[in-house]
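Here is how the chains run, residue by residue.
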Amino acid sequence: MIRRSRYTFWGLEKLANVDWILFLLLFVVCSIGIAMLYSSGEAECHEVVCRNFGSWYPWAVSQMVKMLVGFIAMFIASLFSPKIFVKFAYVGYFAVLIVLIMVEISGDIGMGAQRWIEIGSFRFQPSELAKISLIVALARYFASYSISEINKLFYLIIPVGMVGLYMILVLIQPDLGTALMLSMSAGIMFCLAGVSWKKFAVVGIVILMAIPVAWEYVLLPYQKQRVMVFLNPDLDVSGDGYHITQSKIAMGSGGFFGKGYLKGSQSQLNFLPEKHTDFIFTIVAEEFGMLGCLLLIMLYLLIVFRCFKISLMVRSQFSKLLVMGIGANFFLFVFINISMVMGLLPVVGVPLPFISFGGTSLMVLLCSFGLVQSAYVHKDVLISGKGVYD
Amino acid sequence: MRDAEQTKQFTRRAIVIGGGQFLLSLVLVGRIAYLQVIEAKKYKKLSDNNYLKIKLLAPSRGKIFDCQNQILADNIDSYNVVLIPEESFEKITKEEFLDSVSKIIELTDKEKERILRDIKRTRKFSHILVKDHLTWDEMSKIQAKNLDFPGTYIETGELRIYPKEKSCAHVIGYVGRVSERDLKEDSDPLLSIPNFRVGKTGFEKALEKQLRGERGEVIQIVNSTGRVVETLNNRTKKPTDGKDIQLTIDSRLQEYAQEVLSREESASAVLMDIYTGEVLCMSSYPSFDPNIFNTKPDDAEFERLFSSNRFPFMNKSIEGLYAPGSTFKMMGVLAGLESGEITQNTTINCAGHMDYANHRYHCWKTAGHGPVNAINSLRWSCDIYFYELVLKIGFERVKEMALKFGLGQKTGIPLSNEKAGQIPGRDWKRKERGEAWYHGDSIGSIIGQGYILTTPIQLAVMTARIANGGYAVKPTLFKDPNDTRILRKENKLSSSDIEFNSIGIDPYHLSVVQKGMYAVVNAQYSTGNSAYINYKGQRMAGKTGTAQVARITMEERAQGIRSQYSIPWNRRHHALFVGYAPYNNPRFAISVVAEHGVSGGVVTAPMGRDIMLRALELYS
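Residues numbered from 1 in each chain as written. Chains lettered and ligands numbered in written order. Predicted model: local features only at pLDDT ≥ 70, side-chain atom pairs only at ≥ 80, totals over all residues. Heavy atoms only, no water.

A.B. asks: What should I look at first to understand the overall build of chain B in this one?
C.D. replies: A tally of regular secondary structure across chain B gives 23 helices and 19 strands. Relative to the compact-globule value of 25 Å for 620 residues, chain B shows a C-alpha radius of gyration of 36 Å, a clear excess of over 25%. The buried share of chain B, reckoned over its 620 residues, is 54%. Sequence-distant contacts in chain B: of pairs separated by 6 or more residues, those separated by 24 or more amount to 73%. For chain B, the accessible surface area stands at approximately 28800 Å², while carbon and sulfur atoms represent 50% of it. Here chain B holds 84 positive side-chain charges and 73 negative ones, and the gap between their average locations is 4 Å. (Helix = DSSP H or I, 4+ residues; strand = E, 2+ residues; numbered from the N terminus. Rg over C-alpha atoms; globule rule 2.2 N^0.38 Å. Buried < 20%, exposed > 50% of the residue type's maximum accessible area, 1.4 Å probe, protein only. Contact = heavy atoms within 4.5 Å. Areas by Shrake-Rupley, 256 points an atom, 1.4 Å probe, with all protein chains shown as cover. Lys, Arg positive; Asp, Glu negative; His and termini not counted. Charge placed at Lys NZ, Arg CZ, Asp CG, Glu CD.)

In structure tokens:
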């Protein structure tokens, strides 16, 4: 029960009611991330000999700052009532939509795709923001209708349109990975809202039939190449296949116990490409072995499970959908990233949550867990059918 | 209740999704276990291959000495200038660098181009050869100006040199670059070192394994660009240097022999110890300077040597096949005596020719020698004596004798390319020619003509076995450091010193042949008088030989050509000489062959005399 007091410190007393278990889990995983970024940090090479044994620069310190900001944002978000989020759900959706359009017009080119936007000296990836704002908007939409209404095709036009708009803009960037992520987390939202399995089956069949068309007209050559290399990594051992081959070597050579922190030859001697971003899981695997991998995956699952539990705990349908949606989205990140570095999925450019270097991803994720915390803190708050006030 | 229904539906769906997530997590765990446990070994190996590089360390090649500890094959340091682009071109451009370097060491435009190309092609931290084989002067200048050339350093390598140059070239051979064939036959990783040299001919080739030594290894850690990050010094394996080898040859005799052999166009000589088999001299003329392959490259000289029809690269002592001519006659006398068909005193009358089966066979002396016994048959080299002898005893017995004395077979000297030669006989002819053996074949063969082919070293071995009382001495080139017999001051050797088996010839019969050979050189009006020596009362015994290469044709005869010197060089007779000395206490056997030298008595006997005399001077 939330203890209500007339004398508040601007509502700060609510902080006592956040889910500290969830906080602890997030904090531990973030700390592991800092440690891995320290390991992947590259000491500058002086003269002839250089061998790096980890470094605070250029990534670990920068990530620490963002982590701090992210946690503060999480706590601030947890203070707001879910009602506020309901109120601003659509506003947020359109704001992100405008930002995505701006990126299309004036975005910076990063890694061959327009993914960045600069505001002053601050750079961020709006597509990261899109994942969360879509979940919030869908949660609000579905929470305002009954199951029977939701199962009428008419009521699905708007949410499908919402997903479609984002996807098209992200695909134009082009960012196939994020587009797929968006569609998958949206799919989960549709499922949680109670859309019948029949409709999913129909959509599934349509997608299967659309794949050849997409291959021909939507995918860009480099995206096709990635898929081809995924299907047969030996195709190009020194080029695109190099990433996945070296990643597997790093993981496999780590064995059960790993080579020891800062002692991974694959990562420390730069055989691993993009080791501080998408492929950072391989450092964990190389230096800490299978034991480390299992531990990290367990921590991730505990976070997902915590979201699952909170979603069953909270009373409003909006909060349920939001929390479960955020948890599932988080799981998708983890699953896709790890599968990708292990050669189970094509390399699509999805970071490992809380571990990969990247401020936008880290802060957006922490903010999204701020929404979860808010739902937890205000678990008894009810939100009326049309989503205005109780 | 709308809310209750919604909540129920949500919970059901949440459980389905949660279950799905759990199953997907199992997939991840399964894949992790597969990579990190089941395939761990394979990936561990791949990972090691990625970052551990083995750098080979070359051993120092074994040196070769002669029996007097004179060095025959040596290693000298060679200095190369090497640059590292990222350090060399920090402050100055490549062009400036090359300009200032070429003020000190000579660089052709071609070399400059090669350097620039290497810089472009390789990584900025790789080591690029600027110039190899610097002179001492150039090297010290570069080192003195080290500050002007940052990132350059002097690399020390090894070069093979042969101080005795031409005189020992055939025995020692030479080393050269690793060829495709070497790589096929030899899997030693050392061969992959740039500039590594392997033995190509002679001793360098025959004893390659012992001379080469064993590789050392340094394990280095490299990063993904190939830059060496660390050297694991505690895992360094030092190379094992090659073994030094001492040979039995005496470079002083080698040098002198070259001088003596140079009287002819193409000749060879072997001088060996009759008891130990140690070969003190094995010389072939013309020779070459083995240093042209390494330290003194000389294209013009190279071209000249390779195109010469005197075959300077051939070790004629073991590769040259010659009809032995009259030097084969000792085999005939011994076969006759051993057969019991003749005795020392059996005489045959030589009328200058012999008629047999509608054919007239001539003695070299048309006037004839009159009555000839065993000793005089050798002394005068009377052909008729041997024609009659072989008709009496048959050639098979002579062949057997020749084989016992080491003719027509490899002596087993540790050099490649040794030829076996051949002693023909009934079986041989049927097999090789598909014809029967005629008396004419016997008559030709008994005087060392026809199908018989021997090498100079075989002739030396034959002579040694006659001189040492019938022991199957084998020639060797290895000097056993514990064996001091060759250095003995007094020429006394008991039969227990001989480690070879007897070939089972009656000593008396051998003494007849020895007397005959003594007479050849020392009796008046004999065929080998020009080999006469009297060194402190020591005399030489020997036998000359002149082997026909081609007949003077009827046409030439019609043109009045009678003399060998009037026909082209390559159709003239081969000249041979075998001998041993001192007669009373024999020690050395010698054989000399002069290709197309025309006359054994006139040409090769004096050459044999001079080389033997020098050996006696050196060793008594």
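From this point on, the discussion continues.
A.B. asks: Would you explain the packing of aromatic side chains in this entry?
C.D. replies: For any pair of aromatic rings, the description rests on two quantities: the centre-to-centre distance and the angle between the ring planes. In this structure the tally under the stated criterion is 42 aromatic pairs over all chains. Judged by centre distance (5.3 Å) and plane angle (90°), the ring pair of Tyr93 of chain A and Phe94 of chain A falls under edge-to-face. Measuring from ring centre to ring centre gives 5.0 Å for Tyr145 of chain A and Tyr155 of chain A, while their planes differ by 55°; the resulting arrangement is tilted. Here Tyr145 of chain A is found in the loop between helix H4 (126-143) and helix H5 (147-150), whereas its partner Tyr155 of chain A is found in helix H6 (residues 153-172), with 10 residues between them in sequence. Residue classification places Tyr155 of chain A among the partly exposed residues on the basis of a relative accessible area of 22%. An aromatic cluster is built from Tyr141, Phe142, Tyr145, Phe154, Tyr155 and Phe190 of chain A, whose rings are joined through pairwise contacts. Over the ring of Trp197 of chain A we find Arg13 of chain B, and its NZ or CZ is 4.2 Å from the ring centre. Its guanidinium or amino end placed over the ring of Tyr256 of chain B, Arg614 of chain B lies 5.7 Å from that ring's centre, counting from NZ or CZ. (Phe/Tyr/Trp six-rings, centres within 6.5 Å; stacked < 30°, edge-to-face > 60°. Lys NZ or Arg CZ within 6 Å of the ring centre and 35° of its normal.)

A.B. asks: Can you walk me through a negative patch on the surface in this structure?
C.D. replies: Together, Asp77, Glu158, Asp241 and Asp244 of chain B line one region of the surface with negative charge. Mapping Asp244 of chain B onto the fold places it in the loop between strand E9 (228-237) and strand E10 (245-246). (Patch = residues over 30% accessible without salt bridge, like charges linked within 9 Å, V, L, I, M, F, W, Y side chains within 5 Å. Salt bridge = Lys/Arg side-chain N within 4 Å of Asp/Glu carboxyl O.)

A.B. asks: Can you walk me through the sheet that holds strand E11 (residues 267-273) of chain B in this structure?
C.D. replies: Whenever strands of a sheet pair, they do so through backbone hydrogen bonds, lying parallel or antiparallel. All names here are of chain B. One open sheet holds the five strands; their spatial order is E12-E11-E19-E18-E17, and the pairing between them is antiparallel. Of all strands in the sheet, those with a lone pairing partner are strand E12 (279-285) and strand E17 (541-547), marking the two edges. Pairwise comparison of adjacent strand axes, ignoring direction, gives a mean angle of 5° for this sheet. Pairing of E11 with E12, which is carried by six bridges, proceeds in the antiparallel orientation. Following the sheet pairing, Leu271 is matched in E12 by Cys281. (Pairing = 2+ DSSP bridges. Axes fitted to C-alpha atoms, helices over the stretch in contact; angles between N-to-C directions.)

A.B. asks: Would you mind showing me how to read the sheet that holds strand E1 (residues 52-57) of chain B here?
C.D. replies: All names here are of chain B. Spatial strand order, E1-E8-E9: three strands in an open sheet with antiparallel pairing. Of all the strands in the sheet, the pair left with one neighbour each is E1 and E9. Recorded for the sheet is a direction-independent mean angle of 30° between the axes of neighbouring strands. Inspection of the sheet shows E1 paired to strand E8 (residues 216-222) by six bridges, in the antiparallel sense. Paired with Ile54 across the bridge in E8 is Ile219. Sitting on the sheet, helix H2 (residues 40-51) touches E1 and E8, and the angle it makes with E1 is about 55°.

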